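The lines below spell out each chain.
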Amino acid sequence: MGRTTVLILDYGSQVTQLIARRIREAGVYSEIHPFDVAFERIQALNPRAIILSGGPASVTEENAPTLNPRIFELGVPVLGICYGMQLLCEHFKGSLEHASSREYGATTFYPDHSSPLFAGLDKTSYRVWMSHGDRVLTPPPSFRVIGKTESLPVAAMADDDAKIYAVQFHPEVHHTEEGTAILRNFIFTIAGLTPDWTMQAFCDEEIAKMRREIGDRHVVCALSGGIDSTVVAVLLHKAIGKNLHCIFVDNGLLRANEGEEVISLLRTHFDLNLIHVQAQKRFLERLKDVDDPEKKRKIIGHTFIEIFDEEAKKLPHVDYLAQGTLYPDVIESVSSRGPSAVIKSHHNVGGLPETMNLSLVEPLRELFKDEVRKVAAELGLPEHIIWRQPFPGPGLAIRVLGAVTDERLAILRAADRIVQEEMRATGYYRKVWQGFAVLLPLRTVGVMGDGRTYEHVIALRIVDSVDAMTADWSRLPHDVLARMSSRIINEVHGVNRVVYDISSKPPSTIEWE
Ligand code: XMP
């Protein structure tokens, strides 16, 4: 049988991933593949419905991405979105008009209430989000018009008998009113699918699968303290128990208490086989007098691999390396790659499999980040791990600008702890994308009592973002910032000034380095 799957063919839209997320949120598994994926692979997936995404091209231009007509042999419902609609129009011999400029933004859509695609949408009109150049002038002969806007007489069309539907707008984006209801109508009312994608089913299946594949062989896993590697470890532990060997390398660049928290949780609560390597000295010695952030990253990466390798050699024969690769890293189409691909590319564990000749186990490679959080909750991980903000692999080394010393790390850690405490106390911890302190490589003058001081500066970096690709500084209330600042200056010895970073990304970045 296998799980119910919706196939999304990607034509390069920036928001293709959102289609997959909306479908999965509705409880049906979906996968994104490039539009030209081999038909044999499509058959192997056995999709129960197909969605054609939007894309930046024009179907009339040369070398435009095409529609593989064989998908219609499968006899499953098809929904074309934007570029997908134009492809369907062209394929079934309707007529298209090439536009010289794109229509972009919100517009008012009038649905035909008799269409099952718009079942339950009772209002006369809805706000939808458009981003298109070409448009359908006349629908293909077997299609009827099922929606229009002021400027588009054919904004949605359908061949009800063949169960082929198309919309010019993007139902997957939040700005489209009732967009989710439209996608749900497609998969439930039209395709008649059952929602069988739950995180509990995922855990059961994945654990059974890993147990089957790994058998009594041994697996090694690098724990970072973040949610992904923690979830990987707990899932694997449930599958193979003590044959999983977790290695946690304390590089001395973690936040206050972060290492201890993870260790005690996994050891005491989950009873994992865990090796805790105290390598603070080795990292700090190698980072001595290194200012350049790229050099810091390299040193940290190499040292980590070296230690991991040393520890793994002490284990019984190991065949597998477990990694927390997520779905956005494995989607093949470049345009739909998420930011996590970028983040992962400078992740510490890169390079390990080559040196150690291990096969990979990647139990999260089908999941989006929000699904990993649900799995974590399913496994009983505590809130503070589930909602931990992203933390760079090289840790505090890239937030201590200039030389990384024990003394400077201690100052940053103390200031950062106050930022974390205040964000949690005010509820901003989960509202912002990331918030942290940075220690600047300079000193400034201040006054304390009767005396003049010459001490360190802490910068606060707190940003809003959806994916770390772009970010804006968080408009935190002044009194929250004031409290962070006065606490840092009063409680952290050696700091006499706090500044707030008000730059957006781009052109700035989130980390200062
Ligand atoms: P930037 O500074 O590039 O950061 O705007 C974007 C996101 O990536 C994280 N980041 C890293 N993560 N290793 C990581 O694992 C790194 O070397 C690294 N550098 C930046 C950063 O915290 C933010 O979430």
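Numbering of residues begins from 1 in every chain and follows the order in which that chain's sequence is written. Local features in a predicted model are, by the rule used here, given only for residues with pLDDT of at least 70; side-chain atom pairs are given and counted only at 80 or more, and totals for whole chains, interfaces and linings are based on all residues. Side-chain measures were taken over the full set of non-hydrogen atoms in the model, leaving aside hydrogen atoms and water.

Chemist: Explanation requested: the nonpolar core in the structure shown.
Modeler: If you look at soluble globular proteins, the nonpolar side chains tend to sit buried side by side. Ranked by internal contacts, the top residues of the largest apolar core, which has 48 residues, are Ile458 and Ile488. Comment: elements are numbered from the N terminus, with helices defined as DSSP H or I runs of at least four residues and strands as E runs of at least two. The dominant element in this core, judged by the number of residues it contributes, is helix H15 (residues 406–426), at 7 residues. Those domain boundaries reflect an automatic or database domain assignment. Counting the residues that make up this core, at least three belong to each of domain 2 (199–386) and domain 3 (399–500). To form a nonpolar core, buried Ala, Val, Leu, Ile, Met, Phe, Trp, Tyr and Cys residues must be joined to one another through side-chain atoms within 4.5 Å. Only protein chains enter the calculation, and the probe is 1.4 Å; a residue is then buried if its accessible area is under 20% of its type maximum, exposed if over 50%, and partly exposed in between. Counting residues in each nonpolar core, the second largest holds 44 residues, with Cys221, Ala233, Ile240 and Val372 among its members.

Chemist: Sorry, what's going on with the sheet that holds strand S9 (residues 144–149) here?
Modeler: Strands belonging to one sheet form pairs held by backbone hydrogen bonds; the direction of such a pair is parallel or antiparallel. Two strands form a pair only when DSSP identifies at least two bridges running between them. Strand order across the open sheet formed by 9 strands is S2-S1-S3-S4-S11-S10-S9-S6-S7, with mixed pairing between neighbours. A single partner strand is all that each edge strand has here, and the edge strands are strand S2 (29–34) and strand S7 (126–132). Averaged over neighbouring strand pairs, the angle between their axes works out to 25 degrees when direction is ignored. Examined bridge by bridge, strand S10 (residues 156–159) and strand S11 (residues 164–167) share 4 bridges and lie antiparallel to one another. Note on S11: the bridge partner recorded for Ala156 is Val167. When checking whether two residues touch, look at their non-hydrogen atoms; a contact exists if any pair is within 4.5 Å. Every axis in this analysis is a line fitted to C-alpha atoms, fitted for helices over the stretch in contact. Angles between the N-to-C directions lie between 0 and 180 degrees. The sheet strands contacting helix H1 (residues 16–25) are strand S1 (5–10), S2, strand S3 (49–52) and strand S4 (78–81), and the helix crosses S2 at an angle near 160 degrees.

Chemist: Please clarify how the site of the ligand should be interpreted in this entry.
Modeler: Around the ligand, the surrounding shell holds 15 residues, and the nearest of these are Arg297, Gln434, Lys505, Ile510 and Glu511. Between an oxygen atom of the ligand and a side-chain N or O atom of Gln434, the distance comes to 2.8 Å. Polar contacts, as used here, are pairs of N or O atoms within 3.5 Å; protein pairs need one atom able to donate a hydrogen and one able to accept it. Residues neighboring in sequence count only if both atoms are side-chain atoms. A distance of 2.5 Å separates an oxygen atom of the ligand from a polar side-chain atom of Glu511. Per-residue and other accessible areas follow the Shrake-Rupley method at a 1.4 Å probe size, with only the shown protein chains counted as cover for residues. For the ligand, the accessible surface in isolation is 500 Å², of which the surrounding protein chains cover 93%. Note on residue classes: Ala, Val, Leu, Ile, Met, Phe, Trp, Tyr, Cys and Pro are nonpolar, Asp, Glu, Lys and Arg are charged, and everything else, Gly too, is polar. Taken together, the residues that form the shell around the ligand break down as 7 nonpolar, 5 polar and 3 charged. When residues are assigned to domains, the shell around the ligand turns out to be shared by domain 2 (199–386) and domain 3 (399–500), each giving three or more. One heavy atom suffices: a residue is near a molecule or strand as soon as one of its heavy atoms comes within 4 Å of it.

Chemist: Looking at this model, I keep getting lost on the domain arrangement of the chain. Mind explaining?
Modeler: Interfaces are often sized by the amount of accessible area the parts lose when they come together. Along its sequence, the chain is organised into domain 1 (5–190), domain 2 (199–386) and domain 3 (399–500). Domain 1 and domain 2 are separated by 38 Å when their C-alpha centres are compared. Facing 15 residues of domain 1, the contacting portion of domain 2 comprises 14 residues. Buried area between domain 1 and domain 2, summed over both chains or domains, comes out near 1200 Å², and the portion from carbon and sulfur atoms is 46%. Two parts placed together each lose some accessible area under a 1.4 Å probe, and the buried area is that loss summed for both. Looking only at domain 1, the three residues that lose the most surface to domain 2 are Gln17, Arg24 and Ile32, adding up to 43% of its buried area. When a carboxyl oxygen of Asp or Glu lies within 4 Å of a side-chain nitrogen of Lys or Arg, that pair is called a salt bridge. At the surface where domain 1 touches domain 2, the tally comes to 2 salt bridges.

Chemist: Looking at this structure, I do not really get the pattern of salt bridges. What am I missing?
Modeler: Should the charged atoms of two oppositely charged side chains come close, the side chains can pair. Tallied over the entire structure, the rule returns 32 salt bridges. Between Lys242 and Asp271 there is a salt bridge, and its shortest N-O distance comes to 3.5 Å. On the criterion of sequence distance, the pair formed by Lys242 in the loop between helix H6 (227–240) and strand S13 (244–250) and Asp271 in the loop between helix H7 (258–269) and strand S14 (274–278) is long-range, its members being 29 residues apart. The class for Asp271 is partly exposed, based on a relative accessible area of 45%.

Chemist: Explanation requested: helix H5 (residues 199–214) in the structure shown.
Modeler: Note on helix geometry: an α-helix contains 3.6 residues per turn, so any two residues three or four positions apart are oriented the same way. For H5, built from 16 residues, the straight-helix expectation of 22 Å at 1.5 Å per residue is met to within 8% by its first-to-last C-alpha distance of 22 Å. All of the buried residues along H5 are Met199, Phe202, Cys203, Glu206, Ile207, Met210 and Ile214. Across the axial projection of H5, the buried residues extend over an arc of 120 degrees, all falling on one side. Where H5 is buried, its residues meet strand S12 (218–223), H6, strand S15 (318–322), strand S16 (359–361) and helix H13 (369–378). Within two residues after H5, Gly215 carries a phi angle of roughly 60 degrees, on the positive side. In a helix, the anticipated span is given by 1.5 Å times the number of residues less one. To obtain the arc, one takes the directions from the helix axis to the C-beta atoms.

Chemist: What exactly am I supposed to notice about the packing of aromatic side chains here?
Modeler: Aromatic rings considered in pairs are described by the distance between their centres and by the relative angle of their planes. Aromatic pairing here means that ring centres of Phe, Tyr or Trp (its six-membered ring) are within 6.5 Å. Orientation follows from the plane angle: under 30 degrees is stacked, over 60 is edge-to-face, and everything else is tilted. Within this structure, the stated rule accounts for 12 aromatic pairs. Between Trp197 and Phe202, the ring centres sit 5.8 Å apart and the planes meet at 75 degrees, which makes this aromatic pair edge-to-face. Looking at Phe202, the relative accessible area reads 1%, which means it is buried. Judged by centre distance (6.1 Å) and plane angle (80 degrees), the rings of Trp473 and Tyr500 are edge-to-face. In this pair, Trp473 is assigned in strand S19 (residues 472–473) and Tyr500 in strand S20 (residues 495–500), connecting sequence segments 27 residues apart.

Chemist: How should helix H4 (residues 179–190) be read in this particular structure?
Modeler: Taking 1.5 Å per residue as the helical rise, H4 with its 12 residues ought to reach 16 Å, and the 15 Å between its terminal C-alpha atoms agrees with that figure. Among the residues of H4, Gly179, Ile182, Leu183, Asn185, Phe186, Ile187 and Ile190 are the ones counted as buried. For H4, the elements touching its buried residues are S1, H1, S3, S4 and S11. Gly192 occupies a position one or two residues after H4 and carries a positive phi of about 65 degrees.

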